[in-house]
Each structure stands twice: as structure tokens, then as C-alpha cells.
Amino acid sequence: MALSPAVGRGVESSSSSDRMLSLLQQQVREDPTRSDSWRLIGRLQRRKGNDLEAAVAFRKALKADSGSVAAHFDLGQLLEAQGEVVEAEQHYAVVHQLG
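Quick caveat, the model's predicted, so the values are computed rather than measured.

### Quick notes on the packing of helix H3 (residues 35-47) against helix H4 (residues 51-64)
(1) Moving on: Packing of H3 against H4 leaves a shortest axis separation of 8 Å and a crossing angle of 165 degrees. With respect to their mutual orientation, H3 and H4 come out roughly antiparallel. Judged by the twist between their axes, the crossing of H3 over H4 is left-handed. Of the residues in H4, those touching H3 at Ser35, Trp38, Arg39, Ile41, Gly42, Arg43, Gln45 and Arg46 are Asp51, Glu53, Ala54, Ala57, Phe58, Lys60, Ala61 and Ala64.
(2) Moving on: Its residues assigned to classes, the contact of H3 with H4 comprises 7 nonpolar, 3 polar and 6 charged.

Okay, here's the thing in C-alpha cells:
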């Protein structure tokens, strides 16, 4: 299943964002080890203001692939924005190690 390039850059409308989120959720239901799909779910949830759901998705991405630099970075950014600086720095340190 091909994904729209809009996911990486930003989604133009709420309905296209909802459609993309639905497709990604279907993918992870079929294969919960799809780290990139979990990460994109997290990014979409964050754009929608659903930080709790975003954090869950980023953590599932890391469970599926603990070496995902992108997922560590995305979770670090979210945690930093929430004031969880110590945990954010841990994820940034992994980015630096793996990067």
C-alpha cells in the first residue's frame, strides 16, 4: 500500500489527514511491527493535537524498531515540548549514538 508524500511534509486538510491516519492504522493492525507506520501515526496525531496518542504511537514504533533514529527524534521532540526534558535528552542521546 503506497503512502502519500504529504505525510512527511504536512497534510493539507483534516479529511485527508483522517484518511491517511485510517490507512496507517489499518497497516499496523495487519502488521504491528511496521515501525514507520507507527511513527507516521504519531506525527499525524501530534499535528492533530493528540499528544498522548502520538506518544503511544512513537513508543510502539520504537518497540517495533528500537534503532529507529526518526522515532527517537520524534518522541524526543514531543517529550521536550511537554517539559519532560530528561527523557527527551535520553532519546536525543540515542539519535546521536545511532546517527
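### Points about the packing of helix H2 (residues 14-30) against H3
(1) Moving on: Here H2 crosses H3 at 150 degrees, and the two axes come no closer than 9 Å. Considering their axes alone, H2 and H3 lie roughly antiparallel with respect to each other. In this structure, H2 meets H3 at a crossing whose hand is left-handed. Contact residues: Ser17, Met20, Leu21, Leu24, Gln25, Gln27 and Val28 in H2; Ser37, Trp38, Leu40, Ile41, Leu44 and Gln45 in H3.
(2) Moving on: The residue inventory of the contact of H2 with H3, partitioned by class, reads 8 nonpolar, 5 polar and no charged.

### Re the nonpolar core
(1) Moving on: Ranked by internal contacts, the top residues of the largest apolar core, which has 19 residues, are Leu24, Trp38, Ile41, Leu44, Phe58, Leu75 and Leu78.
(2) Moving on: At the level of elements, H2, H3, H4 and helix H5 (69-81) are the ones that each hand at least two residues to this core.

### Digging into the pattern of salt bridges
Oppositely charged side chains may form a pair once their charged atoms are brought near each other.
(1) Moving on: Enumeration according to the criterion identifies 4 salt bridges in this entry.
(2) Moving on: The shortest N-O distance in the salt bridge between aspartate 74 and arginine 43 comes to 3.3 Å. Of this pair, aspartate 74 sits in helix H5 while arginine 43 is found in helix H3, placing the two residues 31 residues apart along the sequence.
(3) Moving on: A relative accessible area of 24% places arginine 43 in the partly exposed class.
(4) Moving on: Linking arginine 59 and glutamate 87 is a salt bridge whose minimum nitrogen-to-oxygen distance equals 3.0 Å. One end of the pair, arginine 59, is in helix H4; the other, glutamate 87, is in helix H6 (residues 85-98), and 28 residues separate them in sequence.

### Structural notes on H5
(1) Moving on: With 13 residues, H5 should reach 18 Å at 1.5 Å per residue; the first-to-last C-alpha distance of 18 Å fits that figure.
(2) Moving on: Tucked into the core, H5 has its buried residues touching H3, H4 and H6.
(3) Moving on: Looking one or two places after H5, you find glycine 83, whose phi comes out positive at around 85 degrees.

### Examining the side chain of aspartate 74
(1) Moving on: Residue aspartate 74 is classed as buried on the basis of its relative accessible area, which comes to 5%.
(2) Moving on: One polar contact links aspartate 74 to arginine 39, side chain to side chain, over a distance of 2.9 Å.
(3) Moving on: What aspartate 74 contacts, discounting residues up to four positions off in sequence, is Arg39, Arg43 and Phe58.

Cut-offs applied
Residue positions are given per chain, counting from 1 as you read along its sequence in written order. Where local features are concerned, this predicted model is filtered to residues with pLDDT of at least 70; where side-chain atom pairs are given and counted, the filter is 80 or more; whole-chain, interface and lining totals use all residues. The side-chain values count all of the structure's non-hydrogen atoms but skip hydrogen atoms and water molecules. All axes here are fitted lines through C-alpha atoms, helices being fitted over the stretch that makes contact, and every angle between N-to-C directions spans 0 to 180 degrees. For helices the rule is a DSSP run of H or I covering at least 4 residues; for strands it is a run of E covering at least 2, with both sets numbered from the N terminus onward. For classification purposes, an angle smaller than 35 degrees is called roughly parallel, one larger than 145 roughly antiparallel, one from 65 to 115 roughly perpendicular, and anything else oblique. By the definition used in this description, the sense in which the near helix is turned from the far one sets the handedness, with an anticlockwise turn below a right angle giving left-handed and a clockwise turn giving right-handed. A contact between two residues is defined here by any heavy atoms of the two lying within 4.5 Å. For this scheme, ten residues count as nonpolar: Ala, Val, Leu, Ile, Met, Phe, Trp, Tyr, Cys and Pro. Four count as charged, namely Asp, Glu, Lys and Arg, and the remainder, Gly too, count as polar. Grouping buried Ala, Val, Leu, Ile, Met, Phe, Trp, Tyr and Cys residues that are joined through side-chain atoms within 4.5 Å yields what is termed a nonpolar core. Only protein chains enter the accessibility calculation, which uses a 1.4 Å probe. A residue is then buried if its area is under 20% of the maximum for its type, exposed if over 50%, and partly exposed in between. Salt bridges are identified by distance alone: a Lys or Arg side-chain nitrogen within 4 Å of an Asp or Glu carboxyl oxygen. Expected span of a helix, by definition, is 1.5 Å for each gap between consecutive residues, and there is one gap fewer than residues. Pairing of N or O atoms within 3.5 Å defines a polar contact, subject to two protein rules: one partner must be a possible hydrogen donor and the other a possible acceptor, and residues neighboring in sequence count only if both atoms are side-chain atoms.

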